[in-house]
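# What the coordinates show
These are the residues of each chain, in order.
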Amino acid sequence: MLQPLGLLRLYSHEAPLHARRVRSLSTSVFRPASSPFMRSRLNSQRPHSSPSQRSYNGFSSSSAYAPSYAALLAIVSGMLGYGFAQATMAPDGKKVPTKVSYGSLGEILLAEKELRTALSPDAVSTNKEELSMYGSSDNSYHPSSPHSLITHVKSTEDVVKVVKISRKYRIPVTAYSGGTSLEGHFGGSPSGSICIDLSGMDKILDIHEADSDLVCQAGAQWEEINDVLEQKGIPLFFPLDPGPGATIGGMIGTGCSGTNAVRYGTAKGELFLNLTVVLPSGEVIKTRQRARKSAAGFDITKLFIGAEGTLGIVTEATLRLVPKLPTTVAMAQFPDVARACSAVEEILKSSSGPRIQCVELLDDKMVQAINDCGGISIKLPVRDTLLFKIQGSPESTQEAAKIVQSILKKHGSSQFTFAKDKKQAEDLWSNRKLALYSAQASVPGSRVWTTDVCVPVSNLPTLVNETKKDLAKSGIPSTIVGHVGDGNFHALLMFRSDEELPAIRDAVHRIVIRATALDGTCTGEHGVGVGKRKYLIPELGIGTVELMKSIKRTIDPMELFNPGKLYPDDEPSK
């Protein structure tokens, strides 16, 4: 009988061909060999087998061996499952990490040759500057590696070709579209990797105005989608609004939100009706139909939202659109952040709460930076400031503004401004849009580390107040902006040299620990990537994280999709 370690070797990518065939046979008990997934998997794992061998090993319905081998396979698969479980457990019951094997430099060169044939010579790049640009970001300060190859794809079929070739040669792949993420999501793998650039897949495929939805490719930018809807005179818009240039694929991967989340929710709500996804096997799935709601099984769409490209590569999505309502802007100022945040709590619980589309915080240092930047026509008093977007007809917004103002005054607001017209509303809101650029300009020659955390709204005053004290004590130039309507805030930390990075990292760490201690999360909308992997177990618990890893191992057993992101490393057994 095979010993456990011998069984474990059957799961190694370096296992001999006959051993890999036994592994493939065991899987056929659970998945019909006639399925497209199984045929492609068997063929990719046995590139040199003949058609007759493939039919025999895949148990075609005409095979005379099928009945007897079916019983054998049940035994073999049970042995494999037991052996693998035993081989990956230490005597004390702790999980022993298993290592995957990735393709060599020679195999990367072979993959490049096949990719140029499968796509086109111009669709594959090995330009050094391009490899570095697609593997790192000026706005991220986490370890990264350049990719080995970049493939510029135009369709779901192109993505399938790349995935199948990457699988054949065991080369990791990472999806890229907008390149705006901040936590190292699209960096390359140190072993060598293929970047799948989806930015060219930026088309709107269908607009269903009557159903208030839209189908687009993953590289479409949210701003351009809303521009097209406006140009066509369609009174709808897509309410997720992260950073400029963000694409639908990246927004799905990170589980983003933005300023409108207080009214419309986040990517993990009901704003993505379905997704078209290429799995690590090369199989293409569509997560559900286009109906507004469905009780057919569990929600596979949400499995990929926030998975950061580790489970599948999203190529198309159906977006839920919402009515475009008239909005106006109001501004209020406070003696401190704590009172501003407390006012927000009460406003959202009031009868005017449903009319609030956005509630944004600019702390006093942020206001000073905006004034100094010179991008606004009227300078603001340097105080902690709230900006509101209020929805509805002129009459209803006026009524809501009165209620909001009375609550703000109760919490110590010293100034309240309600926009009289569209021009004044745009001028007031421009203060929020200028935040990042103004913060960086406030420290000439600096770079900015932007982090985000989120807590229950009632805990936000404590979090922001303690963070401001901590940053002041540390001497790090910083500002705070936030989507305070849903408890989410960003700290912008400025520095000039890499020598300052350790202090910046320590400050970010303290912010995260403070947030999770207040029943919050290490990231409200930026995602985990490389930068926040170590916080998942303290926040979610080891059981939840192990379940996430189990899903990853099931869908991507070769660990080819965006390795080194999202999931914490396995701890070595002691």
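Not measured: the values here are computed from a predicted model.

For the rest of this paragraph, the subject is the overall build of the chain. Looking only at helices and strands, the chain features 21 helices and 18 strands. Residue pairs in contact within the chain that sit at least 24 positions apart in sequence constitute 71% of those at least 6 positions apart. Carbon and sulfur atoms form 55% of the exposed surface of the chain, whose accessible area is close to 26,100 Å².

On average, the chain scores 84 in pLDDT, and the residues at 70 or more come to 82%. Under a pLDDT of 50 for its full length, residues 1–97 has, in the predicted model, 105 contacts with residues more than four places off or in other chains.

Quick look at the sheet that holds strand β13 (residues 356–362) now. Overall, antiparallel pairing links the seven strands, which are arranged β15-β12-β14-β13-β17-β18-β16 in an open sheet. In this open sheet, the two strands that pair with only one neighbour each are β15 (415–418) and β16 (447–454). Going across the sheet, the axis of each strand differs from the next one's by a mean of 15°, ignoring polarity. Alignment of β13 against strand β17 (residues 478–483), held across two bridges, turns out to be antiparallel. Bridge pairing in β17 places L362 opposite V481. Relative to strand β14 (residues 384–391), helix α15 (residues 394–410) is tilted by about 155°, and along the sheet it contacts β12 (327–334), β13, β14 and β15. Running at roughly 10° to strand β18 (residues 488–495), helix α18 (residues 460–474) makes contact with β13, β14, β16, β17 and β18 of the sheet.

Taken as a whole, this structure holds 24 salt bridges when the rule is applied. Ionic pairing is found between D470 and R510, a salt bridge with its closest N-O pair at 2.9 Å. Of this pair, D470 sits in helix α18 while R510 sits in helix α19 (residues 501–517), and the two are 40 residues apart along the sequence. For D470, a relative accessible area of 13% puts it in the buried group. With a relative accessible area of 30%, R510 lands in the partly exposed category. Residue R533 pairs with D569 through a salt bridge whose shortest N-O separation is 3.1 Å. Here D569 lies in the segment after α21 (542–555) and R533 lies in the loop between α19 and α20 (536–540), a separation of 36 residues in the sequence. Given the relative accessible area of 15%, R533 is considered buried. A relative accessible area of 53% places D569 in the exposed class.

Let us now look at the packing of helix α13 (residues 337–349) against α15. Running from N to C, α13 and α15 point in directions that differ by 145°, and their axes come no closer than 9 Å. You can see that α13 and α15 cross each other, and the crossing is right-handed. Listed contacts from α15 to A343, E346 and I347 of α13 are V404, I407, L408 and K410. Its residues assigned to classes, the contact of α13 with α15 comprises five nonpolar, no polar and two charged.

Per the counting criterion, the structure on display carries six aromatic pairs. Ring geometry for Y141 and F495: centres 5.1 Å apart, planes at 80°, overall edge-to-face. Taken together, the residues span a long stretch of sequence, with Y141 in the loop between α7 (128–135) and β2 (149–152) and F495 in strand β18 at a distance of 354 residues. Residue class for Y141 comes out buried when judged on its relative accessible area of 11%. Given a relative accessible area of 1%, F495 falls into the buried group. With a centroid separation of 5.8 Å and an interplanar angle of 85°, the aromatic rings of F237 and Y264 are classed as edge-to-face. With F237 in strand β7 (residues 236–237) and Y264 in helix α11 (residues 261–264), the pair connects residues that are 27 residues apart, well separated along the chain. In this pair, the class of F237 matches that of Y264, namely buried. Taken together, the ring pairs connect Y134, Y176 and F186 into an aromatic cluster.

Let us now look at empty space enclosed by the protein. Under the counting rule described, the total for this entry stands at one cavity of 30 Å³ or more. Size it by volume and the largest cavity reaches roughly 30 Å³. If you go around the largest cavity, the residues you meet are N139, S140, Y141, H142, L182, E183, W449 and T450. When its residues are assigned to classes, the lining of the largest cavity shows three nonpolar, four polar and one charged.

Moving on, we come to the nonpolar core. Formed by 80 residues in total, the largest nonpolar core has its most connected members in I248, F272, L386 and F388. Here the element with the most residues in this core is α19; it accounts for seven residues. With residues near it in sequence (within four places) discarded, L386 still touches A330, M331, A332, F334, A340, V344, V359, E360, L361, L408 and V484.

With six of eight residues buried, strand β10 (residues 313–320) lies mostly within the body of the structure. Of the pairings in the sheet, the one linking strand β8 (residues 272–278) to β10 comprises six bridges and is antiparallel in character. Within β10, the residue paired with V278 across the bridge is I313.

Here we take up helix α16 (residues 422–433). Relative to the 16 Å expected for twelve residues at 1.5 Å per residue, α16 spans 16 Å between its end C-alpha atoms, a close match to the ideal helical length. Buried within α16 are the following residues: A425, L428, W429, S430, N431 and R432. For α16, the capping residue at the N-terminal end is D421, with a side-chain oxygen 3.3 Å from the backbone nitrogen of K423.

Pairing between sheet strands relies on hydrogen bonds along the backbone, with the strands arranged either parallel or antiparallel. Pairing within the open sheet is mixed, and its four strands lie in the order β1-β2-β4-β3. The two strands at the open ends of the sheet, each matched to only one other strand, are β1 (124–125) and β3 (173–176). As paired elements, β3 and strand β4 (residues 194–197) share four bridges and run parallel to each other. Looking across to β4, one finds that T174 is bridged to C195. Each of β1, β2, β3 and β4 touches α7; the most contacted strand, β2, lies at about 80° to it. Each of β2, β3 and β4 touches helix α8 (residues 156–169); the most contacted strand, β4, lies at about 170° to it.

Reading the values: rules and limits
Residues numbered from 1 in each chain as written. Predicted model: local features only at pLDDT ≥ 70, side-chain atom pairs only at ≥ 80, totals over all residues. Heavy atoms only, no water. Helix = DSSP H or I, 4+ residues; strand = E, 2+ residues; numbered from the N terminus. Contact = heavy atoms within 4.5 Å. Areas by Shrake-Rupley, 256 points an atom, 1.4 Å probe, with all protein chains shown as cover. pLDDT = per-residue confidence, 0-100. Pairing = 2+ DSSP bridges. Axes fitted to C-alpha atoms, helices over the stretch in contact; angles between N-to-C directions. Salt bridge = Lys/Arg side-chain N within 4 Å of Asp/Glu carboxyl O. Buried < 20%, exposed > 50% of the residue type's maximum accessible area, 1.4 Å probe, protein only. Left-handed = near helix turned anticlockwise from the far one by under 90°. Nonpolar A, V, L, I, M, F, W, Y, C, P; charged D, E, K, R; others polar. Phe/Tyr/Trp six-rings, centres within 6.5 Å; stacked < 30°, edge-to-face > 60°. 1 Å grid on protein atoms, 1.4 Å probe; cavity = no way out; pocket = protein on both sides within 12 Å on 5 of 7 lines; lining within 4 Å. Points joined across faces, edges and corners; volume = space filled by probe spheres on them. Core = buried A, V, L, I, M, F, W, Y, C linked by side-chain atoms within 4.5 Å. Expected span 1.5 Å × (residues − 1). Polar contact = N/O pair within 3.5 Å; in protein donor to acceptor, adjacent residues only side chain to side chain.

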